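Residues per chain are reported as follows:
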Amino acid sequence: MHIEIPDGVLPFAIWFAGFAITAILLVVAIYFAKKEEKKMPLAALLAALSLLVMSVPLGLPVHINLMVLVGILVGPFWALIVSFVTNSILASVGHGGVTVIGINTILLWSQALFGFLIFRAIKDLGGEKKGVKAIMGGLTAFFSLFLSFSLLAGLVFAVNLNPDEVLIHDHSHDHHSHDHEDEHYEEHHDEDEHYEDHHDEDEHHEDHHDEEHHEDEHHGAHDYYSEELSVGGFLAVALPLFLYAAIIEAIIVALVIGFLQKSRPDLL
Amino acid sequence: MTGIGLADYYASKEGAFQKMSAYSKLIFFVSFLFVTISAENYLFPGAVFVTVFIFGVGTGLPVRKMLMWAFFPAFFASLFAFSQLVAGFGFPIIFLVRAYVAAYLALFYTFTTPYFETFTIFSKVSPFLATVLFFTYRYFFLFLDIVKNKTTMVKVRGGSERRFVSAGKIVGFLVLEMIDRAERIYSALKIRGFRGRIFYSSKKKMGRSDLALLIFTLLFVITSKII
Amino acid sequence: MKKELAKLHCVKHKYPDETEVSACGLEFVVREGEKVALVGGNGSGKTTLILHLLGILNPTEGEVSLLGVDPAKDFSKVGKSVGAVMQRVDDQLVGPTAIDDVKFSLLNYGMSEKEAEKRAEETMRSLGIYEIKDKVIHYLSGGQKKRVAIAGALALHPKILILDEAFNQIDPEGLKKVVETIERLCRDKKMAVVMAVSNREDLEYFEKIFLLKEGKIKFAGSKEEFLSSGIDDQFCSHP
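What counts, and where the lines are drawn
- Residues numbered from 1 in each chain as written.
- Chains lettered and ligands numbered in written order.
- Predicted model: local features only at pLDDT ≥ 70, side-chain atom pairs only at ≥ 80, totals over all residues.
- Heavy atoms only, no water.
- Contact = heavy atoms within 4.5 Å.
- Buried area = accessible area lost by both parts, 1.4 Å probe.
- Salt bridge = Lys/Arg side-chain N within 4 Å of Asp/Glu carboxyl O.
- Polar contact = N/O pair within 3.5 Å; in protein donor to acceptor, adjacent residues only side chain to side chain.
- Helix = DSSP H or I, 4+ residues; strand = E, 2+ residues; numbered from the N terminus.
- Nonpolar A, V, L, I, M, F, W, Y, C, P; charged D, E, K, R; others polar.
- Buried < 20%, exposed > 50% of the residue type's maximum accessible area, 1.4 Å probe, protein only.
- pLDDT = per-residue confidence, 0-100.
- Axes fitted to C-alpha atoms, helices over the stretch in contact; angles between N-to-C directions.
- Parallel < 35°, antiparallel > 145°, perpendicular 65-115°, else oblique.
- Left-handed = near helix turned anticlockwise from the far one by under 90°.

Engineer: Please explain the interface of chain C and chain B as it appears in this structure.
Structural biologist: Accessible area lost when the parts come together is the quantity often used to give the size of an interface. Across the boundary between the two partners, chain C contributes 29 residues, which contact 31 residues of chain B. Between chain C and chain B, roughly 2700 Å² of surface is buried when both sides are summed, and carbon and sulfur atoms account for 55% of that area. Arg181(B) is the salt-bridge partner of Asp91(C), the closest N and O atoms lying 2.9 Å from each other. Linking chain C with chain B are twelve residue pairs in polar contact (both at pLDDT 80 or more), by the criterion used here. Those elements giving two or more residues to the side of chain C that touches chain B turn out to be α3 (98–108) and α4 (113–126) of chain C. Residues that form the side of chain C that touches chain B fall into these classes: 14 nonpolar, six polar and nine charged.

In structure tokens:
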């Protein structure tokens, strides 16, 4: 289950950092993946399968992606590569975004990573009894998805969607915006300055002191803004969607793990 | 046909944009994307959208489908944006516009550029990842065929009423098929001398239309920074 | 005496789920320039034998030799001289376009792009598939994919060509071109051919027959001996 962040939502520093972190992780992952070259066809097939199941409609605008299963079957290094490949191809058809491939890769990979670690820890708890591994698989899926979703909520909190942080304000065009103060937001060129300030609203207001005409234009946005509303609002909409898709995915993963336990126990 | 399948089909046609080099289209795409996501108002995302829409119609793309599909990321943008509704409607709407136009732009690029041409450009950065991308692309269509056949057979055999169960069985079958297939594929690759890389050389050279596109892109970006 | 290219003596293999497959009985030998057919009913062991020859299955018992090496261990040493077409061609087709796939092995074995392009085009022309060279693989029909796979194997100008029911799905016109190309390579380059066959009609292209039943080689001899013995009716499907 995956909620894709689209283009134009996250600030430049966040999505650029996402690319940088993903690039570093990929270098490491490729190094280890090359030692397990035999898994390449399986990883590519899993990526293809993941793309295919994402097109299965669930009635609501969410979809499953089986990344937990990917983590269990090919391990964390190949899972990162699968996540990157899947997100790249998804971005090409307008699912997710190109600038946020890095962030989306990490979020999707987190499902596989948690899945790999949790399943490894709990898979043998019930022994070889019929159906127990399947249940463990299902639980692994649900908790992995929950942890990944928490990461996403944390990202929303960390980004703290303050209009002044997200939109780039252009000081030279102040006079164009005065006529539409509720609808037009000016863009700041110096985002670094704003990232230092974003937790402190008073300091943030002081930044605009020198641009007196800006203050009047911005009061509609940041006067009403609050961190709690930002995350709370997001959760109110996203959490029910998450629960719906996560339960479906957990059931499917459980069924597949049960199936594999009978036919290919060596893979688990 | 899924989005990927349809995009691939149109990208392989002989339209004006399809004939252009992937490099020029990629520069066009990245530049217009930058203009969209850094726009301070609705003017330039709107201009990007209108430009790409006109190009799409002129190239004979399925613009109605593309217009619909571009709403998908806009929905996710709304999850982020409408949590900010208390800040007024303008703030969430700019997210939706950016997300929508960016998605539409991505769809235009994909519908006019075969995947393997993009992967070839990417192989200059990482041949390993490009190889995985090539394989994924190939196997996606393989699975698509398998699913089409399976769902047809399920219907023929009267299984279509229990859609969820049938879908689950198809997924289960696909997973097992995939695992068996992966081993056979690896063996076949080794027999064919696979050394970790897939080779593809684009036959398309940069021409006058590529130059025109690049000049247009440059002028558009400069204009967006001036206005 | 013609040079021995492949040899197999009573091999057994056990899969992870404990299923055992074997190819025993009479000795299996293929020499330079020979055209050999493996015939047998479903589950007789034809594919098992081929997988052992290619080194995909490592025998738990018995011996296999391909171009003088144990293929399970050292296939890479002789791979350049072995052309193979599997039963399910989708498993081996990887190139984005048809000509990319035909060039795949050539480029992987170190041929230059220009030479590989030339060789691939020549091979595709002789098989009658030159006009589909720029088509994307997944848009090809089953028969076209088979011919692309065969082209990919023949482009290597291998010393031995190993095929698993490769003539299925190919139309008569296409098959004629495939057979002509193979026969020319057998004649000019002394290429040997080994193919698992399930249609009686396909036997006409071969001179030597090995018959398998329940994992055992029951017959090893010329095609004339095989056809006159009467046992062919029991094991070959008729079109």
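Engineer: For this particular structure, what's the right way to read unusual backbone geometry?
Structural biologist: With the exception of glycine, the majority of residues adopt a negative phi angle, and the majority of peptide bonds are in the trans configuration. Residues and elements named next belong to chain C. Phi is positive for Glu165, which is not a glycine, with a value near 50 degrees. The topology assignment puts Glu165 in the loop between β7 (160–164) and α6 (172–189). At Glu214, a position not held by glycine, the phi torsion is positive, near 50 degrees. For Glu214, a relative accessible area of 67% translates into the label exposed.

Engineer: What should I look at first to understand the confidence of the model for chain A in this one?
Structural biologist: The predicted coordinates of low-pLDDT regions are not to be read in fine detail. Across chain A, the average pLDDT comes to 76, with 71% of residues at or above 70. Between residues 165–229 of chain A, whose pLDDT stays under 50, and residues either more than four places distant or in other chains, the model counts 126 contacts.

Engineer: How do you make sense of the packing of helix α3 (residues 67–92) of chain A against helix α4 (residues 101–122) of chain A when you look at a structure like this?
Structural biologist: The relative placement of two packed helices comes down to the angle between their axes together with the axis-to-axis distance. Residue and element names in this part refer to chain A. Between α3 and α4, the least distance of the axes is 8 Å, while the angle of their chain directions is 165 degrees. It follows that α3 is roughly antiparallel to α4 by the angle criterion. Read as a crossing pair, α3 and α4 show a hand that is right-handed. The residue inventory of the contact of α3 with α4, partitioned by class, reads 15 nonpolar, ten polar and no charged.

Engineer: I'm lost on the environment of Thr99(A) in this one. Help?
Structural biologist: Of note, Thr99(A) is situated in the loop between α3 and α4. By relative accessible area, Thr99(A) is classed as buried at 7%. Sequence-distant contacts of Thr99(A), that is, excluding residues within four places in its chain, are made with Asp7(A), Trp15(A), Phe19(A), Leu33(B) and Ile37(B). A distance of 2.3 Å separates the side chain of Thr99(A) from the side chain of Asp7(A), its partner in a polar contact.

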